[in-house]
There are 6 protein chains.
Amino acid sequence: MTVVRPSERAYDEKRALRITRNFTCHAEGSVLIEMGNTKVICTASVQNSVPGFLRGKGQGWVTAEYGMLPRSTGSRMDREAARGKQSGRTQEIQRLIGRSLRAAIDLNMLGENTIYLDCDVIQADGGTRTASITGAYVALADAVASLQAKGLIEGNPLLQQVAAISVGVYQGVPVLDLDYAEDSTAETDMNVVMDDKQGVIEVQGTAEGATFSRAEMNAMMDLAEKGIAELVAAQKEALKA
Amino acid sequence: MTVVRPSERAYDEKRALRITRNFTCHAEGSVLIEMGNTKVICTASVQNSVPGFLRGKGQGWVTAEYGMLPRSTGSRMDREAARGKQSGRTQEIQRLIGRSLRAAIDLNMLGENTIYLDCDVIQADGGTRTASITGAYVALADAVASLQAKGLIEGNPLLQQVAAISVGVYQGVPVLDLDYAEDSTAETDMNVVMDDKQGVIEVQGTAEGATFSRAEMNAMMDLAEKGIAELVAAQKEALKA
Amino acid sequence: MTVVRPSERAYDEKRALRITRNFTCHAEGSVLIEMGNTKVICTASVQNSVPGFLRGKGQGWVTAEYGMLPRSTGSRMDREAARGKQSGRTQEIQRLIGRSLRAAIDLNMLGENTIYLDCDVIQADGGTRTASITGAYVALADAVASLQAKGLIEGNPLLQQVAAISVGVYQGVPVLDLDYAEDSTAETDMNVVMDDKQGVIEVQGTAEGATFSRAEMNAMMDLAEKGIAELVAAQKEALKA
Amino acid sequence: MTVVRPSERAYDEKRALRITRNFTCHAEGSVLIEMGNTKVICTASVQNSVPGFLRGKGQGWVTAEYGMLPRSTGSRMDREAARGKQSGRTQEIQRLIGRSLRAAIDLNMLGENTIYLDCDVIQADGGTRTASITGAYVALADAVASLQAKGLIEGNPLLQQVAAISVGVYQGVPVLDLDYAEDSTAETDMNVVMDDKQGVIEVQGTAEGATFSRAEMNAMMDLAEKGIAELVAAQKEALKA
Amino acid sequence: MTVVRPSERAYDEKRALRITRNFTCHAEGSVLIEMGNTKVICTASVQNSVPGFLRGKGQGWVTAEYGMLPRSTGSRMDREAARGKQSGRTQEIQRLIGRSLRAAIDLNMLGENTIYLDCDVIQADGGTRTASITGAYVALADAVASLQAKGLIEGNPLLQQVAAISVGVYQGVPVLDLDYAEDSTAETDMNVVMDDKQGVIEVQGTAEGATFSRAEMNAMMDLAEKGIAELVAAQKEALKA
Amino acid sequence: MTVVRPSERAYDEKRALRITRNFTCHAEGSVLIEMGNTKVICTASVQNSVPGFLRGKGQGWVTAEYGMLPRSTGSRMDREAARGKQSGRTQEIQRLIGRSLRAAIDLNMLGENTIYLDCDVIQADGGTRTASITGAYVALADAVASLQAKGLIEGNPLLQQVAAISVGVYQGVPVLDLDYAEDSTAETDMNVVMDDKQGVIEVQGTAEGATFSRAEMNAMMDLAEKGIAELVAAQKEALKA
C-alpha cells in the first residue's frame, strides 16, 4: 500500500490532534479541537427545559448546530445568516452530529435538560464534521460534569465515548483522515462514527467517481477503527487534565 | 437467523415490486414505483440548458428533488411549500438521490442538458428514498432514450444501472428491505446504493439505539447485494417492455 | 353554436370523468379524480383539534391546500417547497377550495375536529381547481363517514354536495369544461362552484382579452348548471359504491 | 326591495366618491380615492424597462401591488413587511388589480415601459379592492399622459376606462357598494370590474353562508352596471380637471 | 456662516411644519406630520396585552414600525412586503423610533398595555425618521389620553415630550433640518432626539466623506437644540387644539 | 470623578488589548482582537469583482458582516442562520462597521476589488461592535498589503487609521470602554469611531433611562479621544510586527 499523500503522512496516519478545554468562558463545555489545520470551536450549552415534543416525559435532549465562519475556507463563502437559510450540507452535518452524540448519553438520566452542541469551524482543511463530533464529545462531558457539580442530575448519564474520523480511497489506496487536498480528489470518502468499544454508530460512504468494492470498504473500516481508537485515547487524556 | 417480521417475510425477502412506465403523460420519463405499500412517482424532465456553474463547459447535469404528499404518511405532515422550507431530511434525501443517479451517467456525453429527477411519494411505508433511486433510474433511462430519439445527443451516456435498498438489524437479526413497522423499531437502518456490478455508490448506516458490529455490517451488505441484484433485474425487465 | 373544439367535444360536453375512492391507504378520505387528462389526488385528513382562532368554541374547521407536482405540466415548474413559498396562484386556488367545501358542511356538527383537504395535481390539462373541488367533496364525505363510524360525531354534518366546473368563451362560443388547449387561448374563463340544488357558491370569471357580455355570462352559467348536475350525479354514484 | 342599510343608503346608492389627483409629488400618477370612509392612495410609476419574460418583444407591462397600513382597519393588523410575506388575500387582490388594469391599455403601444400601480389603503371601510381599481385607472391615465407629454410614446395606448364596485346580498336584498358593516354580515359578496361600455372584465362572487341564485346574481349585476356607470362618469370628470 | 441652501432657507431655519391630528379614523392616535415635503402618517394603536418577555410584570410596552410607500420617493423602491423582508435601514429606523418614544413614558404606569407606533411615509424629502419621532409623540399622547378617558389607566404615564430633528454640515456649514437635496450631498448628517428640557435621548452622527470635528459637532448640537425647541412648542400647540 | 467600576478600572482606563495577526490561515487579513474578555475574529477577504451597482465604474468596495457564535454570551442565543434571518441589531452593527471602514480607504485606488470584513464574536463582554471596527482595520490593512504585494493595485489606498471605543455614563460618571457589567446598567452608552487625527467618523449615543446633557456628552467625547488615541497606537504597533 504505497501512496504519496500531499501531507507526506503514512496511509494510516492521522493528523496532529490538539484538544483545548475551556476555550471560551461562558459555556458549560467549551472545546477548541484542532485536527491538523482544521479548527472547530465546540461548545455545550445547558438549558433547563426540553423541546415541546419531549415536555413532561421526564427525559432530556441533546441537539447540535454546525456553522462555518465565511472565511474558514480557501475562498470566502456566503454567510448563511445573511442568505437566510442553512444549506443542505449544513443541515446534513448538524443532524449527523446530533444523532452521534445522543448515542453517548442516557437521555432519561439527563432529566428535563437540553444540551446544545454548537460546532463552529473557524478554519477548515477537510474533516470538519468528524472533528466536530470528536470535539463535541469532550464539551458534552464537561457540560455533564457541570450539571453533576451543581447537583442538577444524579448519577452519570454518559454511556460511552463517541469519536469520528474520515477515511477514503485516494489514488487507489485506502487512507486515514483525509485533509482537503486529498478529500477534493479522493475516489471515495467515508465518515465513520464509533464508540470507545469499536461499536459503529454511523457510517456514511460516498463514491465520488468510481464505485468502491466490499474489500475497499473493509480496509477503510479497519483504518477507521485504528484512528478512532487514537481519538478516544486523546479524549480520555484531555478530560483527565 | 430466525425472526418473525411484521410482514411475515423471510429475513432476505424484499417486498413485491412493481414498476409502471409512462405513468403521467408530460415528462420525458415518468415511472410509478411500488415497493410493497411504498409508492413513488419518479419523473425525469429534460431541460436544454445547464446551471450557471456548468455553463460553457460542454457537459450536462442531473439533479433530484424529493417530496412527500402531506398525507402519504400515517398522520398528516405539514406541506413543505406552505411552511416555506424543505426539512433537513428532505434535503438530505434529494442530495442522496442526485449523487446516486449522477453515478449512472456520463455527464460529458449528455451535452448541455439538465435532467431533473422529481421523486414524489404518494404513499409511504418505509424505504421511500431507496425506492426513489431505483425508480428514478428507470425514468432517467427513458429520458435519455427520448434525447436519443430526438437526435439531441449522440451515443449512450448511461454508464450503468443504479438501484438502492434498505437493510437493517431488526430484533437482533439482519433483514432486507425494512417496511415502516420494522424501520421504526429497528436497531440499525442502512441504505445501500449500488450499480449493476455490485460496486458500492453510497452506504449510509445509522445505529438507532445500540451500536452495530463489523460482522452485522457485513451481513447487511450481503443482503443489500442480493436485494439490489433483484432490483437491477426488475429494472432491466421494465425497460425491455 | 358551432365551434370545433381541439378535443372535438360538443360545446356543452364535459370530459370523461373517473372518481376512484381509497386511492391511497392512510387518509380518512382519499380520492383520485380524473377529468380527461387532468388528474388530482384529493385526500381528507382528520385531526382532533382546531386552529387557535376556534379553540373552545365547540365547532370544527375545514381547510384546503393545493399543489402541483413539478412535472404535472407540459414544461417543468419550480417546486414550491424548494422556492420557499407558494405562488399567488396556489394561494388563490387553495383559498377557493377551502371556502367552497366549507359550504358543504355544518361546522358546528363537526365538533372540535379539523379536516384538511389536500389536492395534489399529478397531471394537468386545464381545470385543476374545479376538479380539485369536485374530488375533495368525495374525500370529505368519506372522512365524515369515518368520523361517524368511529362514533366521534353525532348526526350528519354534510349539508349538500359541492361540485365545480369551468366554462368559457372559446372562439366566440360559450363552451363547457375547458381543457388546456382551449383555456390557454379562450377569450373568457369562468369557474363556477354550485351545490346539488344549483345554488351558486362561487363564481369567478375573467376576460382574458375582450370583455364579455351579460348574455355570454348567462350562457356560461347555463352550461355550468348542466355540467355541475352531471358531476353531482357522478359523485353520488361514486359514494354509493 | 326594502332593507335598512347601516348607512341608511338606498339599496342602489353608492357612497360619496372623491378623487384627488396629484396627491403626492413624485409619482407620474398619484390619486387619493375616497369611497365613503375607504381611502386608498393609488400611484402609477413608470419605469423604462420590462420584466425579463417580455424583454425584446417591443411591448410594455402593467402590474399592481396592494397593501394596507397596519392601522387602516378597526384593530391593528400585523405589518406584512415585518411578517416577511404577503398574505394570500393581498396577493389575490393585487393580481386582480393588475389583470383589471391591463384590460385598459394596449401593451404594444406602451412600448418597453412598465407601469407599477401601487394601491395603499390608509383607511378601510369595505370595498378596498374595487376602490383601488377605480382609483388606479385615474393614476394610470395620468402616467400615460406624462409619457405622451415627454414624447416617450406615440398615440394613446388607453383602450377604455376601467372601474369596479362591490355588490352583495344583505339581509336578503341585493345592494350596491357594501361598507364594512354590511360586508361582514352579507350573505353574498360580489366584486365586478367593467369597462366604460358595460363589458365585463372580471366578476368574483362568493356565498358567505347561504348560496345565491341566478336571479340574485342578475340583480347584483344590474346594480353593478349602474354603479360602475357612475364611477366611469366620475373618473371622466376628475381627468378633465 | 453663509451658505446658499437649495431651499434658500437660513442655516438655522427649519422647514414649514404641519401637524394634523385624527388623520385617520380607527387608531387611538392618528397624526399626519408634514415637515416641508416630507409627509408621514403616524398612528398609535393600543392593545390590551404585552409581549411575552413582559407578561406578568405589570408593566406596558411601546414599540414602533416604520415603512415607506413604494413611490414616496423620487424613483420607486421595491415594496418590502413583496421582497419578504425589511431592509437594514428600516429596522434601524424603527428601533430608533421605539427607543426614543419609550423615553417619553413611564412603562409601569401604562399597565399591561402595548402601544404600537406605526410611521408610514407617504412622501419623502429627507428627515423621515426625525419627522416620524416628532409625529409619533403626538399620536402617543392621543392614545394615552384615550386610555385615560376610558379609565383603563390611572394617572398620566407621559414623562416628557420627545421630538427629533436632523442637522448636518452642508458645504462646510452646519445647517438645521436637511431636505433631500442637502442630505444627499452633505458632508455630515446627524439625527438628534431630545426631550422638552433639552436632555439628549439619542444622537447619531455620520461623516459621509470627510470626518467632522468636535467644534462642528457642537455647532450641530446648538442647531438641534434650537430646532427641537420649536418642534416641542408646535407639539404642545397641536395637542391643545 | 469617583466611581467604583465592577472591573476596578479607573474611569478613563480601557481594558487590556491584544491584537493577533494571521489568526487563521486562509484570509488575506485575519486578526483576533481581544479587548478584555471580548474576543472577535476579524477577517478581510479580497474578491476581484464589485457589486452590481458599482460595475464598470473603476472603483472598489468595502463591506462588513457581523455575527456572534451562539454561546459567545452568558446564555445561549439562537443561531441566526437557523432562525433564517439576521436580527435588527446585527444589521445595524454590520452597517456601522462597513461605513466606518470605508472611511479608511480610497475606493478609487482600490480598483474593481471588494474587501469583505467578517467580524465574528467568539466571546462577548461588551463593546463587540467597537472591537470589531478596531480589529477590522488591522485586517483591512493586511489585505491591502497583500493586494500591493501581488501587484494588483498601485499606490496605497489607505487614507487613515480607523478605531472605535465605547464610552458611557455609569452611576453618574462618564467612563471609558464599558464591559458587559457596566453596559447593562449604564445610564448612557455611546459608541465613537474616529480616525488617527481625532476626526469623528461616527457617533451613536443612547440614553438608556435618564437623558444626558451636553456637558456629559462632551466628557464622553474627551474619554473617547483618549481611548481611541491608545487604540490607534496599538494598531500601529501590531502592524509593525
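Residues numbered from 1 in each chain as written. Chains lettered and ligands numbered in written order. Predicted model: local features only at pLDDT ≥ 70, side-chain atom pairs only at ≥ 80, totals over all residues. Heavy atoms only, no water.

- Per an unreviewed UniProt entry, chain A carries the name Ribonuclease PH and comes from Zhongshania marina.
- On record in UniProt, under Subunit (unreviewed entry), the comment for chain A is "Homohexameric ring arranged as a trimer of dimers."
- In its Sequence similarities (unreviewed entry) section, UniProt records this for chain A: "Belongs to the RNase PH family." (UniProt positions renumbered as here; feature names shortened; annotations may be inferred.)

**Quick look at the UniProt feature "binding site: phosphate" (unreviewed entry) in chain A**
All names here are of chain A.
Then comes step 1: Here, the residues flagged by UniProt with the feature "binding site: phosphate" (unreviewed entry) are Arg-89, Gly-127, Thr-128 and Arg-129. Their sequence span is 41 residues, while the largest C-alpha to C-alpha distance among them is just 13.4 Å; these annotated residues converge on one region.
Then comes step 2: Along the polypeptide, Gly-127 turns up in the loop between β5 (114-123) and α3 (128-149).
Then comes step 3: Apart from residues lying up to four places away in sequence, Gly-127 is in contact with Arg-15, Thr-38 and Leu-178. (Helix = DSSP H or I, 4+ residues; strand = E, 2+ residues; numbered from the N terminus. Contact = heavy atoms within 4.5 Å.)

**Description of the relation of the copies chain A and chain F**
Then comes step 1: Superposing chain A onto chain F requires a rotation of 180 degrees together with a translation of 0.0 Å along the rotation axis, leaving an RMSD of 0.0 Å. Taken together, the turn and the small shift mark the pair as related by a two-fold rotation axis. Among all residues of chain A, the one whose C-alpha sits closest to the rotation axis is Ala-81 of chain A, at a distance of 1.9 Å. (Least-squares fit on C-alpha atoms with pLDDT ≥ 70 in both.)

**Description of the packing of helix α2 (residues 88-102) of chain E against helix α2 (residues 88-102) of chain F**
Then comes step 1: Packing of α2 of chain E against α2 of chain F leaves a shortest axis separation of 9 Å and a crossing angle of 110 degrees. In terms of their interaxial angle, α2 of chain E and α2 of chain F are classed as roughly perpendicular. Crossing handedness for the pair α2 of chain E and α2 of chain F: left-handed. Along the contact surface, α2 of chain E presents Gly-88, Arg-89, Gln-91, Glu-92, Arg-95 and Arg-99 of chain E, while α2 of chain F presents Gly-88, Arg-89, Gln-91, Glu-92, Arg-95 and Arg-99 of chain F.
Then comes step 2: Residues of the contact of α2 of chain E with α2 of chain F, tallied by class, amount to no nonpolar, four polar and eight charged. (Axes fitted to C-alpha atoms, helices over the stretch in contact; angles between N-to-C directions. Parallel < 35°, antiparallel > 145°, perpendicular 65-115°, else oblique. Left-handed = near helix turned anticlockwise from the far one by under 90°. Nonpolar A, V, L, I, M, F, W, Y, C, P; charged D, E, K, R; others polar.)

**Some details on the packing of aromatic side chains**
Then comes step 1: Counted under the stated rule, the structure contains six aromatic pairs over all chains.
Then comes step 2: Aromatic side chains Phe-53 of chain C and Trp-61 of chain C sit 5.3 Å apart centroid to centroid with 85 degrees between the ring planes, which places their arrangement in the edge-to-face category. (Phe/Tyr/Trp six-rings, centres within 6.5 Å; stacked < 30°, edge-to-face > 60°.)

**A closer look at the UniProt feature "domain: Exoribonuclease phosphorolytic" (unreviewed entry) in chain A**
All names here are of chain A.
Then comes step 1: Taking the UniProt record as the reference, the feature "domain: Exoribonuclease phosphorolytic" (unreviewed entry) is found at residues 14-143 and 161-227.
Then comes step 2: Secondary structure over residues 14-143 splits into 27% helix and 31% strand, and the C-alpha atoms at its two ends are 28 Å apart.
Then comes step 3: In residues 161-227, the share of helix is 27% and the share of strand is 43%. The end C-alpha atoms are 14 Å apart.

**Side note on the environment of Ser-7 of chain F**
Residue and element names in this part refer to chain F.
Then comes step 1: Within the secondary structure, Ser-7 is located in the segment before β1 (17-21).
Then comes step 2: A relative accessible area of 32% places Ser-7 in the partly exposed class.
Then comes step 3: Between the C-alpha atoms of Ser-7 and Leu-178, which are 171 residues apart in sequence, the distance is 9.7 Å.
Then comes step 4: For Ser-7, the side chain forms a polar contact with the side chain of Arg-9, separated by 3.0 Å. (Buried < 20%, exposed > 50% of the residue type's maximum accessible area, 1.4 Å probe, protein only. Polar contact = N/O pair within 3.5 Å; in protein donor to acceptor, adjacent residues only side chain to side chain.)

**A short note on the interface of chain C and chain D**
Then comes step 1: On the side of chain D, 26 residues touch chain C, which itself brings 27 residues to the contact.
Then comes step 2: Together chain C and chain D conceal approximately 2,400 Å² of surface at their shared face, both sides included; 46% is due to carbon and sulfur atoms.
Then comes step 3: If you sort the residues of chain C by the area they bury against chain D, Glu-92, Val-200 and Arg-214 of chain C come out on top, with a joint share of 26%.
Then comes step 4: At the boundary of chain C and chain D, one finds six salt bridges. (Buried area = accessible area lost by both parts, 1.4 Å probe. Salt bridge = Lys/Arg side-chain N within 4 Å of Asp/Glu carboxyl O.)

**Some details on the confidence of the model for chain A**
Then comes step 1: Of the residues in chain A, 100% have a pLDDT of 70 or more, and the chain-wide mean is 96.
Then comes step 2: Prediction confidence for the complex, expressed as pTM and ipTM, is 0.93 and 0.95 respectively. (pLDDT = per-residue confidence, 0-100.)

**Observations regarding the sheet that holds strand β2 (residues 29-35) of chain E**
Residue and element names in this part refer to chain E.
Then comes step 1: Here we have five strands laid out as an open sheet, ordered β1-β2-β3-β5-β4, and mixed in their pairing. Of all strands in the sheet, those with a lone pairing partner are β1 (17-21) and β4 (61-68), marking the two edges. The sheet shows a mean angle of 15 degrees between the axes of neighbouring strands, taken without regard to direction.
Then comes step 2: Here strand β3 (residues 38-47) runs beside strand β5 (residues 114-123); their pairing, made up of nine bridges, is antiparallel. Note on β5: the bridge partner recorded for Ala-44 is Leu-117.
Then comes step 3: In this fold helix α3 (residues 128-149) packs onto β1, β2, β3, β4 and β5, with an angle of close to 35 degrees to the strand it touches most, β3. (Pairing = 2+ DSSP bridges.)

**Side note on the interface of chain A and chain F**
Then comes step 1: In this assembly, 35 residues from chain A lie in contact with 35 residues from chain F.
Then comes step 2: Both sides of the chain A and chain F interface together cover about 2,700 Å² of buried area, and 51% of this is carbon and sulfur.
Then comes step 3: For the pair chain A and chain F, the interface holds twelve salt bridges.
Then comes step 4: As a salt-bridge pair, Asp-120 of chain F and Arg-79 of chain A come within 2.9 Å of each other at their nearest N and O atoms.
Then comes step 5: At the boundary of chain A with chain F, the tally comes to 22 residue pairs in polar contact (both at pLDDT 80 or more).
Then comes step 6: Among the secondary structure elements, those contributing two or more residues to the side of chain A that touches chain F are β3 (38-47), β4 (61-68), α1 (80-83) and β5 of chain A.
Then comes step 7: Broken down by element, the residue count for the side of chain A that touches chain F peaks at six residues, all from β5 of chain A.

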